[in-house]
Amino acid sequence: EVLDADGLVALPGFVDLHTHLREPGREDTETIATGSAAAALGGYTAVFAMANTDPVADNAVIVEHIWRRGREVGLVDVHPVGAVTVGLKGEKLAELGTMARSQADVRVFSDDGHCVADPLVMRRALEYTKALDGVIAQHAEEPRLTVDAQAHEGERAARLGLAGWPAAAEESIVARDCLLAKQTGARLHVCHVSTAGTVDVLRWAKERGTKVSAEVTPHHLLLTDERLATYDPVNKVNPPLRTESDVQVLREALAEGVVDCVATDHAPHAPQDKDCEWSAARPGMLGLQTALSIVVETLVRPGLLDWRGVARVMSEKPAEIAGLPDQGRPLAVGEPATLTLVDPDARWTVRGTELASIAGNTPFEGMELPAVVRTTMLRGRVTAADGKVQR
Ligand code: DOR
Ligand code: ZN
Ligand code: ZN
């Protein structure tokens, strides 16, 4: 097959360390099939499926089920993330070793949405994952500081009478876990960094040799708590949208490498969980099909990142963090291609109803964005071309 790539940018296929695929349990909002389609259309060739499914992905049976279903769909490599603790909550460690030795070969473990509050549990989990040559992707929320929290703590939240989510809820637990990672020699990955203070903590931890990596979401690179003014629950997300100065610091930290990569935290939700009162709405936003365009808008266009840098934050770094040897790097001679072709000059308008996800909760609705994914290829097979999935 000959691909016409005239005027297009070739990048290694994107790797998303943080995707909520909702299967099993909430197939009314997303399935492994529809989420894989969204991923392929967004230029992704590998996604890490977060563990907060129902039932929770805290054992070998569930992670093998998710892995197998991903293979059957075949549009993107679906890597299940294992829950750190049984049921995601509580203090009993899940069987990390059994999940690692399963067919799913789980190496990334997470507490997403239910931060491991107990430092002893986190310390033991770090010791286990070190032995398994894995990594803990931590949700970065000190739950004792976010009881009932509904929005970034500040003037806007106060005026709307919403309980605040302080920056310190993120920064304090990231600092704690950086200390524990340093002392155990284990690897820690910090999910969805949202504040300037967390960037300071990461810089400090990295300077003293902590094996810590971090991701930032597209929405935290573009949107601010100004969005609260509309009171539209599409803007509700954990961690919350922060301030303009946080956004600026996050962009610079990603360009500099203190924050390693972009991850979507793609979080589909049903209409009834978004078309309601703010306080009743579930947190989360779609991200897979808009991620590249937001990176181009917030980093490439302002001159903070070139295309080489896009490859680094979208592919190389996440593949390295997750330990994927066959993704995120230039192709060897004769190797079946895993790549994404992007039209850097084209623009498109986001419509939630036209996205491949079952849910439509995109905060970028109606925005005209730069850069269009033309072709995604996984090991020599085209998975998406010109906006259509190739099954
Ligand atoms: O906004 C979020 N949504 N943050 C999380 O940590 C979990 C996620 C979800 O599962 O909906
Ligand atoms: Zn999270
Ligand atoms: Zn998440």
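The structure reproduced in this document is the subject of the present report.

**A word on unusual backbone geometry**
- Between Asp54 and the following residue, Pro55, the backbone shows a cis peptide bond with an omega angle of 5 degrees.
- Tracing the chain through its elements places Pro55 in the loop between strand S3 (44-49) and helix H2 (60-73).
- In this model, Asn238 is joined to Pro239 through a cis peptide bond whose omega is -15 degrees.
- For Pro239, the position within the fold is in the loop between helix H8 (218-222) and helix H9 (244-256).
- Positive phi outside glycine occurs at Leu88, with the angle close to 70 degrees.
- Considering the arrangement of structural elements, one finds Leu88 in the loop between strand S5 (82-83) and helix H3 (96-101).
- Positive phi is not limited to glycine here, since His192 has a value of about 25 degrees.
- Tracing the chain through its elements places His192 in the loop between strand S10 (188-190) and helix H7 (196-207).
- Taking relative accessible area as the criterion, His192 reaches 1% and is therefore assigned buried.

**Let's talk about the coordination of the zinc ion (ligand 2)**
- Protein-derived coordination of the zinc ion (ligand 2) comes from Asp112 (OD), His139 (ND1) and His192 (NE2), at a distance range of 2.0 Å.
- All donors of the zinc ion (ligand 2) come from a single chain, and their spacing in sequence reads D-x26-H-x52-H.
- Here the zinc ion (ligand 2) and the zinc ion (ligand 3) are spaced 3.6 Å apart, with Asp112 acting as a shared donor. Taken as a pair, Asp112 in the loop between strand S6 (108-110) and helix H4 (119-131) and His192 in the loop between S10 and H7 lie far apart in primary sequence, 80 residues in all.

**Structural notes on the side chain of Asp260**
- The topology assignment puts Asp260 in the loop between H9 and strand S12 (261-262).
- For Asp260, a relative accessible area of 7% gives the class buried.
- At 2.8 Å, the side chain of Asp260 forms a polar contact with the side chain of Lys206.
- In this structure, Asp260 is in contact with Lys206, Val212, Ser213, Ala214, Leu254, Val313, Lys317 and Ile321, ignoring residues within four places of it in sequence.

**Details of the side chain of Ser194**
- Position of Ser194 relative to the elements: it lies in the loop between S10 and H7.
- For Ser194, a relative accessible area of 1% corresponds to the buried category.
- A distance of 2.7 Å separates the side chain of Ser194 from the side chain of Glu170, its partner in a polar contact.
- In this view, Ser194 contacts Glu170, His220, Pro239, Pro240, Arg242, Asp246 and Leu250; residues no more than four positions away in its chain are not counted.

**With respect to the layout of surface pockets**
- Counted as a void, the largest pocket has a volume near 720 Å³.
- Contributing to the lining of the largest pocket are 32 residues, with Arg22, Asn52, His269, Arg282 and Pro283 lying nearest its centre.
- The residue inventory of the lining of the largest pocket, partitioned by class, reads 8 nonpolar, 14 polar and 10 charged.
- The volume enclosed by the second largest pocket comes to roughly 470 Å³.
- The wall of the second largest pocket is formed by 28 residues, among which Trp67, His79, Ala104, Asp105 and Leu324 lie closest to the centre.
- Residue assignment for the lining of the second largest pocket shows that the elements contributing at least two residues are H2, strand S4 (77-80) and helix H11 (307-322).

**Some words on the packing of H7 against H9**
- Interhelical geometry of H7 versus H9 gives an angle of 30 degrees and a closest axis separation of 8 Å. Our classification of the angle between H7 and H9 gives roughly parallel. Between H7 and H9, the contacting residues are Ala196, Val199 and Arg203 on the first element and Asp246, Val249, Leu250, Ala253 and Glu256 on the second.
- Split into classes, the residues belonging to the contact of H7 with H9 amount to 5 nonpolar, no polar and 3 charged.

**A word on the packing of aromatic side chains**
- In total, this model carries 2 aromatic pairs according to the counting rule given.
- Between Phe14 and Tyr44, the aromatic rings sit 5.6 Å apart at their centres with planes inclined by 75 degrees, giving edge-to-face as the arrangement. Placement of the pair is Phe14 in strand S2 (residues 14-19) and Tyr44 in strand S3, with a sequence separation of 30 residues. In this pair, the class of Phe14 matches that of Tyr44, namely buried.

**Points about the coordination of the zinc ion (ligand 3)**
- Coordination of the zinc ion (ligand 3) by the protein comes from His18 (NE2), His20 (NE2), Asp112 (OD) and Asp265 (OD), over a distance range of 2.1 Å.
- The site at the zinc ion (ligand 3) holds 4 donor atoms, and with the angles between them running 85 to 177 degrees, its shape is irregular.
- Taken in chain order, the donor set of the zinc ion (ligand 3) reads H-x1-H-x91-D-x152-D.
- Exposure remark for His18: the relative accessible area of 0% places this residue in the buried category.

Parameters and conventions
- Residues numbered from 1 in each chain as written.
- Chains lettered and ligands numbered in written order.
- Predicted model: local features only at pLDDT ≥ 70, side-chain atom pairs only at ≥ 80, totals over all residues.
- Heavy atoms only, no water.
- Helix = DSSP H or I, 4+ residues; strand = E, 2+ residues; numbered from the N terminus.
- Buried < 20%, exposed > 50% of the residue type's maximum accessible area, 1.4 Å probe, protein only.
- Donors = N, O, S within 2.8 Å, 3.2 Å for Na, K, Ca; no water.
- Polar contact = N/O pair within 3.5 Å; in protein donor to acceptor, adjacent residues only side chain to side chain.
- Contact = heavy atoms within 4.5 Å.
- 1 Å grid on protein atoms, 1.4 Å probe; cavity = no way out; pocket = protein on both sides within 12 Å on 5 of 7 lines; lining within 4 Å.
- Points joined across faces, edges and corners; volume = space filled by probe spheres on them.
- Nonpolar A, V, L, I, M, F, W, Y, C, P; charged D, E, K, R; others polar.
- Axes fitted to C-alpha atoms, helices over the stretch in contact; angles between N-to-C directions.
- Parallel < 35°, antiparallel > 145°, perpendicular 65-115°, else oblique.
- Phe/Tyr/Trp six-rings, centres within 6.5 Å; stacked < 30°, edge-to-face > 60°.
- Tetrahedral: all angles 85-135°; square planar, octahedral: opposite > 155°, others 65-115°.

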